[in-house]
Amino acid sequence: MLSWHQKMSNAKAVLSTAASLVASAMLVKSIANDFLPAEFHDSLYSGLRCVSHYLTSQLTVVIEEFQGFSINQVFEAADLYLGNKSTNTSAQRFRVGKTEKDKTLGITLDRNEEMVDAFEDATLKWRLVCTQVPPAVEYRSQNLGDYNSTLRSEVRHYELTFRKKHKDLVLNLYLPHILEKAEAIKVESNVVKLHTVMHSRWSNKSAVLKHPMTFKTLALDSELKKTIMEDVDNFLNGKEYYRRIGKAWKRGYLLHGPPGTGKSSLIAAMANHLKFDIYDLDLTNIQSNSDLRYLLLTMPSRSMLVIEDIDCSIKLQNRETEDATPNQGDRGDNNKVTLSGLLNFIDGLWSCCGEERIIVFTTNHKDKLDPALLRPGRMDMHIHMSYCNNSVFKQLAFNYLGINHHHLFEQIEGLIVEVNVTPAEIAGELMKSMHAEVSLQGLLKFLRAKMTQQD
Ligand SMILES: Nc1ncnc2c1ncn2[C@@H]1O[C@H](COP(=O)(O)OP(=O)(O)OP(=O)(O)O)[C@@H](O)[C@H]1O
Ligand SMILES: [Mg+2]
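The shown structure was predicted, so the numbers you read here are calculated from the model rather than taken from an experiment. (Residues numbered from 1 in each chain as written. Chains lettered and ligands numbered in written order. Predicted model: local features only at pLDDT ≥ 70, side-chain atom pairs only at ≥ 80, totals over all residues.)

Student: Help me get a handle on the sheet that holds strand β8 (residues 154-163), residues and values and all.
Tutor: Taken in spatial order, the four strands of this open sheet run β1-β8-β7-β6, and their pairing is antiparallel. Taken across any chain shown, the strands that pair with only one partner, and hence form the sheet edges, are β1 (58-64) and β6 (114-119). Across the sheet, the axes of successive neighbouring strands diverge by a mean angle of 25°, strand direction being ignored. As judged from the seven bridges shared by β1 and β8, these two strands associate in the antiparallel manner. (Pairing = 2+ DSSP bridges. Helix = DSSP H or I, 4+ residues; strand = E, 2+ residues; numbered from the N terminus. Axes fitted to C-alpha atoms, helices over the stretch in contact; angles between N-to-C directions.)

Student: Outline the site of ligand 1, listing residues and values.
Tutor: As a structural note, the neighbourhood of ligand 1 is formed by 15 residues, with Pro-259, Gly-262, Ser-265, Pro-423 and Ala-424 the closest of them. Of all elements in the fold, only α9 (263-274) and α18 (423-430) reach the threshold of two or more residues within the shell around ligand 1. Here the shell around ligand 1 is built from residues that sort into eight nonpolar, six polar and one charged. (Near = placed C-beta within 6 Å. Nonpolar A, V, L, I, M, F, W, Y, C, P; charged D, E, K, R; others polar.)

Student: Talk me through the pairing of β8; I want residue IDs and the actual numbers.
Tutor: Taken together, the eight bridges between strand β7 (residues 122-132) and β8 define a ladder with antiparallel strand orientation. Residue pairing across strands places Leu-128 opposite Tyr-158, the latter belonging to β8.

Student: Can you tell me about helix α7 (residues 222-236), naming the residues and giving the values?
Tutor: With 15 residues, α7 ought to run about 21 Å at 1.5 Å a step, and its terminal C-alpha atoms sit 21 Å apart, in line with that. Those residues of α7 that sit buried are Ile-228, Val-232 and Phe-235. Mapping the buried residues of α7 onto a view down its axis gives an arc of 60°, with all of them on the same face. Counted as exposed and oriented over 90 degrees from the buried face of α7: Ser-222, Glu-223, Lys-226, Glu-230, Asp-233 and Asn-234. Elements in contact with the buried residues of α7: β12 (250-256), α9 and β16 (381-384). (Expected span 1.5 Å × (residues − 1). Buried ≥ 20, exposed ≤ 12 C-beta atoms within 10 Å, placed from the backbone. Arc of directions from axis to C-beta. Contact = placed C-beta atoms within 7 Å.)

Student: Pulling in residues and values, what's your account of unusual backbone geometry?
Tutor: Of note in this structure, Ser-200 is not a glycine but carries a positive phi near 60°. If you trace the backbone, Ser-200 turns up in the loop between β9 (193-198) and β10 (201-202). With 14 C-beta atoms counted inside 10 Å, the residue Ser-200 sits in the partly exposed group. One non-glycine residue with positive phi stands out, namely Lys-275, at about 60°.

If you want it as structure tokens, here you go:
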């Protein structure tokens, strides 16, 4: 923030510029009176009037980077908005940067650069003004913590200049439009990525998660879907809550159920909803607890750790066996992956660093899991993904065929309550033809065959 002294000297600078403009105009006029023939006086005076009218008809809005001790959201939004436009405008210099958290390059206007934008019938001139900060202000700004080093030595603000008659348009429509656009840019740049392990480390070649599953397309009992979505949203908005109850801001889900019931699909839907990257951890790829610790500690915030088929991905040592042989257990801890190692990191060390993390285990056989994993409080939510019921069938029929009713529905629904059929099997049948009649006849045949097998 500028000190009172600086503000005064800035104001003086502006005033002296204005004064010198007036003085120059007067000087031009007196020179003109002395040297120019009288017939040119009128056109010169009208030109000067135009310049002075132009100067006084302009309005400048100042948007400072900080509002008290917090970032001014309008400044931040302008930064994003102008950065997004800077490549196709007259700006001659702009800055490109990226932090570890950013998914795409951040482009912003460079110091003291100008660019022109248009909105409805208004022309808007933007200028990023950077002022050096004297040591006393620099000292105060360091207490803000999250500053980058260049900001410590300069204070930035945008100057937005436009015609006075557009004042309402700018304040009521243009600036809200910028806030909205900036929000959309943020969401767009936030693609979900899939990270896997290579040589006991997270591979630096992550892939963009192409799984299109969303909560909208996931066919799930409607009550269960609502419960999961609420839980995930409460987690996302729960920073203050977790801080108040003194718990690490993380949440664990155990998804269990037969193959093809949508466990992996639910993971994709959650990641797409939260915009969290997935860190897919195959325990068979890891040699030791120390590798596991390293992997967990190097996962960033706002990420999702997924360990699929926890029951069979590794022969996790039973807790009781480890407890019975403490020396071997201690010694072995760093040489192999153990269940206690996994649980300790998840409950202990891992929970202390990083925030906003989700861990998901999946299994086809909940009954085979070690009780230590199942005990209350370990995984926050156990979600049973089950065979298809009629509400799930209807969602799938709508997703795949775009229909809510069909004369074959009654017969199909009669069989679905009798047969153990997974959403994956139904989806497979529905995909066989785009014609509802054909694919539903196929599904009916499939269900009848299954019924016979089951009997
Ligand atoms: N609930 C569902 N809603 C929509 N599609 C589903 C659902 N369940 C399964 N499918 C379809 O079946 C395919 C397989 O499902 P998915 O991989 O999610 O099952 P899974 O429970 O993870 O199986 P596994 O235990 O074998 O890993 C999905 O790609 C999707 O097309
Ligand atoms: Mg799966």
